[in-house]
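# Architecture and fold: a report
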Amino acid sequence: MRNLIVFLARHYFFLLFLLLQSIAITLVVQHNYFQHAAAVSASNAVTGSMMETRDQVTQYFGLREQNVQLAEQNAILMGKLESAYLNYDTTSFTVEDTLHRLRYSYIAAQVIDNTVSLRNNYIVLNRGRLQGVEPDMGVITPGGIVGIVREVSDNFCVVMSLLHKDSKVSASVKKDGTFGQLYWEWPDYRYGVMVDLPTHSKIAKGDTLVTSGLGDAFPSGIPVGTVMDFEKKAGDKTYTCRVLYTTDFRKLQHVFIVRDLMRPEIDQLKEKAGVKNAE
Amino acid sequence: MLSELMRHGIRFIGLILVQGLILKNLEAGYLINPFLYVLFILSLPFELPAWIGLLLAFALGFFVDIFYGTMGMHMAACTMMGWARPAILKFMNPRDGYEFGMQPTIQDMGRMWFISYAAILIFVHHFVLFYLEIFSFREVWLTFVRVLVSTAATLLLVIITQFLFYRKRESA
């Protein structure tokens, strides 16, 4: 007993270090393996409101560019309005549309915190549970995809950016539909790498890549990037492509959170079939 | 004594805010991620008991982790740094010991002493942080480059901050 006390008294500093360090490492491991388990996160109200205040100041610096982007987006949307189409049908009447069911709805959100130069980048948005955001929803801009919602608080959410070591998106070549997996090519925030693209794909430099719709987070057909380069590495049976993202992660301000209205049905079905969510 | 305590308190909060709201979003270039907030640990007084320094480092890491959304990584890096500091101080002990009232700054301890002291501890911090961040055995070499480059960037910021905010202590 005496020896134990002497031992503790002599090595108290190292023991304290071991205790604190094991707490920290445990948290890191938890955070890595159970993405939603973190008790405290950047989505909390205190840092969230601080980031929002900062954003209210800094967003003025990019106003001009944001206006141009929003105007372009308006032009695209106006082209899709009913009034943009000439109506040939003079005996028109309304019917209940049974062929098309609304699957996706979008929640507009502001980026209040964003990084591109870390190994694992996260984005904080000013929308949360009260506005209908849930974990695993996709986040897009009109021109490309941004990431996947990881953690949600009442009024904020944290998005795992595409610029993250764990980011993996199923992307397909627009012209022939062959698909592969898209990862981030650290450390350049502009480029990604697509692997596992089958060699029968008629891919060429400059081809557009879109989301394949195979994951649950993104609708299909949203632009992801353009092919810069592709090669078949020795011993591989597939192509590896270098991809230029269409999203400019340095200039994110207005984004949309994708709400899949049929998600509960799909989840239910998967559970019945015993399929685990691939991620 | 109180003013001394307050100065450290203000530095604690100020550095966390500067790191979490400004430096975090700074795009200095590929692989460059400066973490100026470790200046708090670097400028703890010599006389402070080592275990208090360790607890303070742990707390500092906790708050920075909240801003970065990386639970545990900064805590681990800071704890390692807080543990290494007493050993480094002992190793770099001047011939006649640390004078009472001296601060671990360039102004008090000289350029050579401070830069080697800061560089070693910042390296320890960044090493732990960046390797925990990738959390695998991929990208080992590129991460090492990142440790070196970022250590240099942090060191530069620390030195600049010292020249801006610290004054030579009047002998009183």
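Residues numbered from 1 in each chain as written. Chains lettered and ligands numbered in written order. Predicted model: local features only at pLDDT ≥ 70, side-chain atom pairs only at ≥ 80, totals over all residues. Heavy atoms only, no water.

### Concerning the pattern of salt bridges
Oppositely charged side chains may form a pair once their charged atoms are brought near each other. Note the cut-off: Salt bridges are identified by distance alone: a Lys or Arg side-chain nitrogen within 4 Å of an Asp or Glu carboxyl oxygen. A run of H or I in DSSP becomes a helix once it reaches four residues, and a run of E becomes a strand once it reaches two; helices and strands are each numbered from the N terminus. Exposure is judged per residue with a 1.4 Å probe applied to protein chains only, and the accessible area is read against the type maximum: over 50% gives exposed, under 20% gives buried, and values in between give partly exposed.
Across all of its chains, the model carries 16 salt bridges over all chains by this definition. Among the salt bridges present, the one from Arg190 of chain A reaches Asp188 of chain A, with a minimum N-O distance of 3.2 Å. In this structure, Glu133 of chain B and Arg146 of chain B form a salt bridge, with 3.0 Å as the shortest nitrogen-oxygen distance. Separated by 13 residues along the polypeptide, Glu133 of chain B in helix H6 (residues 111-134) and Arg146 of chain B in helix H7 (residues 140-165) bring together distant segments of the chain. In this structure Glu133 of chain B comes out as buried when scored by relative accessible area, which is 6%. Judged by its relative accessible area of 0%, Arg146 of chain B falls in the buried class. Linked through salt bridges whose partners overlap, the residues forming this network are Arg54 and Asp113 of chain A together with Lys24 of chain B.

### With respect to helix H3 (residues 50-68) of chain B
Residue and element names in this part refer to chain B. Basically, it comes down to this: By this rule the span expected of a helix is its residue count minus one, scaled by 1.5 Å.
With 19 residues, H3 extends 27 Å between its outermost C-alpha atoms, agreeing within 8% with the 27 Å of an ideal straight helix rising 1.5 Å per residue. All of the buried residues along H3 are Gly53, Leu54, Ala57, Phe58, Leu60, Gly61, Val64, Asp65, Ile66, Phe67 and Tyr68. Phi turns positive one or two residues past the end of H3, at Gly69, with a value near 65 degrees.

### Points about the domain arrangement of chain A
Residues and elements named next belong to chain A. Cut-off, in case you're wondering: Domain start and stop positions are those given by an automatic or database domain assignment. Between two residues, a contact is recorded if the distance between any of their heavy atoms is within 4.5 Å. As a working definition, buried area equals the accessible area (1.4 Å probe) given up by two parts on being put together, with both sides summed.
Assigned domains of chain A: these are domain 1 (2-62) and domain 2 (98-260). For domain 1 and domain 2, the distance between their C-alpha centroids amounts to 29 Å. Tallying the contact residues gives 17 residues for domain 1 and 18 residues for domain 2. Carbon and sulfur atoms supply 45% of the area that domain 1 and domain 2 bury against each other, a total of about 1,400 Å² over both sides. Put simply, domain 1 and domain 2 have 1 salt bridge between them.

### Side note on the side chain of Asp65 of chain B
Residue and element names in this part refer to chain B. Put simply, the rule reads: We count Lys and Arg on the positive side and Asp and Glu on the negative side, and we leave His and both chain ends out.
Locating Asp65 in the fold gives a position in helix H3. No salt bridge forms around the buried Asp65; measuring N to O, its nearest opposite-charge neighbour Lys24 is 10 Å away. For Asp65, the residues in contact, after removing those within four places along its chain, are Thr70, Met71, Gly72, Met73, His74 and Met75.

### Some remarks on the packing of helix H4 (residues 73-91) of chain B against H6 of chain B
Helix-helix packing is described using two parameters, namely the angle between the two axes and the distance between the axes. Residues and elements named next belong to chain B. Short version of the rule: Angles run from 0 to 180 degrees between N-to-C directions of axes, and those axes are lines fitted to C-alpha atoms, restricted for helices to the stretch in contact. Each angle is binned into one of four classes, with values under 35 degrees roughly parallel, values over 145 roughly antiparallel, values of 65 to 115 roughly perpendicular, and all other values oblique. Here a crossing is taken to be left-handed if its near helix is turned anticlockwise relative to the far helix by less than a right angle, and right-handed if that turn runs clockwise. Three residue categories are used. Nonpolar comprises Ala, Val, Leu, Ile, Met, Phe, Trp, Tyr, Cys and Pro, charged comprises Asp, Glu, Lys and Arg, and polar comprises the others, including Gly.
Running from amino to carboxyl end, H4 crosses H6 at an angle of 150 degrees, the nearest separation of the two axes being 9 Å. On the basis of the axis angle, H4 is roughly antiparallel to H6. Of the two possible hands of crossing, H4 and H6 adopt the one that is right-handed. Listed contacts from H6 to Met73, His74, Ala76, Ala77, Cys78, Met80, Met81, Ala84, Arg85, Ile88 and Leu89 of H4 are Trp113, Tyr117, Ile120, Leu121, Val124, His125, Val128, Leu129, Leu132 and Glu133. Broken down by class, the residue content of the contact of H4 with H6 amounts to 17 nonpolar, 2 polar and 2 charged.

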